[in-house]
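Each chain, written out:
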Amino acid sequence: MTMGQTAISSMQTEVERKANVNLDTCMQCGCCTGGCSGIEAMDFSPRQIIQLIKMDEWAVLLNSRTIWMCVSCHICEDRCPARIKISSVMDALRAIAYSQPTAEPNKQIHFHNLFLGQVKTFGRTHEGLLMMSYSLKAKTPLPPMRLIIDYLRRLRVDMKPPHMLGKAYRFTIKKAQEGGKDHGA
Ligand code: SF4
Ligand code: SF4
C-alpha cells in the first residue's frame, strides 16, 4: 500500500460484492439520512452505516437495529448524489448477519424468520399468529389483555385461521428460494 491509499475493509469488500455498489463514492453528505423513512427506529443513520462498514465494525453493524428497520423504500437512493444503492447495502448486511454461525439470534432475526415463514406458508402474514409466535419465541410479553380485547373488538387484528396456499404459489416460493440462496432467506 502506498502513502495516500486507504485499506479497504473486509466488510466493505463483502458488502460491495453482495450489493454491487462502490462505497468509496460516499462523501458522507448525509442526504440519505435526511430523507430516511425509518430513521426514528434506527440506532445508526444510513450515513453512519456506510462509515461503519468502511471502518470494518462487524460486531457493531451486525448487532445494529438499523439493518432490520430499513423498509427498502429507496428514498435515500433517490437523494444520494453518488447514487449508492443503500437498500441493497442493508439487504447485504441482513444476509451477512443472518448467516453468521456464531451470531446469537436476536429479536429482529426471530421476527424476520417468523415473518418469512408465514409468507412462505400463507402468502401473507397472519397478525394474530405472528404476534403470539413472536411473543413466545423472543420471550416478550404479549400486549396487555385490555389492548388485545380492544384489537379484537375493533377488528384491528385478524384472528381468523389463515388459509393455505395452492401448488402454484408453493412452486413460486421454491423457485424464488433457489434463485436467492445468496441472500440468506
Ligand atoms: S447520500 Fe450517498 S453520498 Fe451522501 S452520505 Fe448517504 S450514501 Fe453517502
Ligand atoms: S431504503 Fe432504508 S435506509 Fe433508505 S430511506 Fe428507506 S428506510 Fe431509510
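For the structure itself, look to the data block above.
Residues numbered from 1 in each chain as written. Chains lettered and ligands numbered in written order. Predicted model: local features only at pLDDT ≥ 70, side-chain atom pairs only at ≥ 80, totals over all residues. Heavy atoms only, no water.

Trainee: What is the right way to look at the site of ligand 1 in this model?
Mentor: Around ligand 1, the neighbouring residues are C26, M27, Q28, C29, G30, C31, C32, R47, C80, P81 and I86. Residues of the shell around ligand 1, tallied by class, amount to eight nonpolar, two polar and one charged. (Near = heavy atom within 4 Å. Nonpolar A, V, L, I, M, F, W, Y, C, P; charged D, E, K, R; others polar.)

Trainee: Got a minute to help me understand the site of ligand 2 in this structure?
Mentor: Around ligand 2, 13 residues are found, and the nearest of them are C36, C70, C73, H74 and C76. Among the residues making up the shell around ligand 2, the classes are represented as eight nonpolar, five polar and no charged.

Trainee: Any chance you could explain the pattern of salt bridges here in plain terms?
Mentor: Once their charged atoms are close, side chains differing in charge can pair, the charge on each being opposite to the other. Applying the stated criterion across every chain yields a total of two salt bridges. When the shortest N-O distance is used, the salt bridge between E14 and R17 registers 3.7 Å. Within this pair, E14 and its partner R17 are both found in helix α1 (residues 10-19), separated by three residues, close to a single helical turn. With relative accessibility at 54%, the residue R17 sits in the exposed group. With a shortest N-O distance of 2.6 Å, D91 and R94 are connected by a salt bridge. Placement of both D91 and R94 in helix α7 (residues 86-99) is noted, with a separation of three residues, approximately one turn of the helix. For D91, a relative accessible area of 35% puts it in the partly exposed group. Taking the relative accessible area as the measure of exposure, R94 reaches 13% and is therefore buried. (Salt bridge = Lys/Arg side-chain N within 4 Å of Asp/Glu carboxyl O. Helix = DSSP H or I, 4+ residues; strand = E, 2+ residues; numbered from the N terminus. Buried < 20%, exposed > 50% of the residue type's maximum accessible area, 1.4 Å probe, protein only.)

Trainee: Looking at this structure, how should I read the side chain of Q12?
Mentor: As for its position among the elements, Q12 is in helix α1. Residue class for Q12 comes out buried when judged on its relative accessible area of 2%. Setting aside chain neighbours within four positions, we find Q12 in contact with L23, D24, I53 and K54. (Contact = heavy atoms within 4.5 Å.)

Trainee: How do you make sense of the packing of aromatic side chains when you look at a structure like this?
Mentor: Each aromatic ring pair is described using two quantities: the centre-to-centre distance and the angle formed by the ring planes. According to the stated counting rule, one finds two aromatic pairs in the structure shown. Pairing F111 with F115 gives two aromatic rings, centres 5.9 Å apart and planes at 35 degrees, and the pair type is tilted. Of this pair, F111 and F115 both sit in helix α8 (residues 107-122), four residues apart, roughly one helical turn. Arranged with centres 5.7 Å apart and planes meeting at 80 degrees, the rings of F111 and Y134 form a pair that is edge-to-face. With F111 in helix α8 and Y134 in helix α9 (residues 127-137), this pair connects stretches of sequence that are 23 residues apart. Owing to a relative accessible area of 37%, F111 belongs among the partly exposed residues under this scheme. Members of the aromatic cluster, joined through ring pairs, are F111, F115 and Y134. (Phe/Tyr/Trp six-rings, centres within 6.5 Å; stacked < 30°, edge-to-face > 60°.)

Trainee: I keep staring at the nonpolar core and nothing clicks. Help me out?
Mentor: Inside soluble globular proteins, nonpolar side chains tend to come together where they are buried. Counting 29 residues, the largest nonpolar core has M11, V15, L23, I53, I84, V89 and L93 as its most contacted members. Counting only elements with at least two residues in this core, the list comes to α1, α3 (46-54), α4 (58-62), α5 (66-69) and α7. Among the elements that make up this core, the one with the highest residue count is α7 (seven residues). (Core = buried A, V, L, I, M, F, W, Y, C linked by side-chain atoms within 4.5 Å.)

Trainee: Is there a simple way to think about a nonpolar patch on the surface in this case?
Mentor: Taken together, L129, M132 and L142 make up a surface patch of nonpolar side chains, about 230 Å² in accessible area. Along the chain, L129 falls in helix α9. Residue L129 is classed as partly exposed on the basis of its relative accessible area of 33%. (Patch = residues over 30% accessible without salt bridge, like charges linked within 9 Å, V, L, I, M, F, W, Y side chains within 5 Å. Areas by Shrake-Rupley, 256 points an atom, 1.4 Å probe, with all protein chains shown as cover.)

Trainee: It is not clear to me how the environment of G38 should be interpreted in this structure. Could you clarify?
Mentor: Summarising the element assignment, G38 is placed in the loop between α2 (31-34) and α3. With 28 residues separating them in the primary sequence, G38 and T66 have C-alpha atoms 8.2 Å apart.

Trainee: Honestly, α7 in this entry has me stumped. Any pointers?
Mentor: Every α-helix carries 3.6 residues per turn, so stepping three or four residues along brings you back to the same face. Along its 14 residues, α7 runs 20 Å from first to last C-alpha, staying within 8% of the 20 Å computed at 1.5 Å per residue. Burial of α7 is extensive: ten of the 14 residues sit out of reach of the surface. (Expected span 1.5 Å × (residues − 1).)

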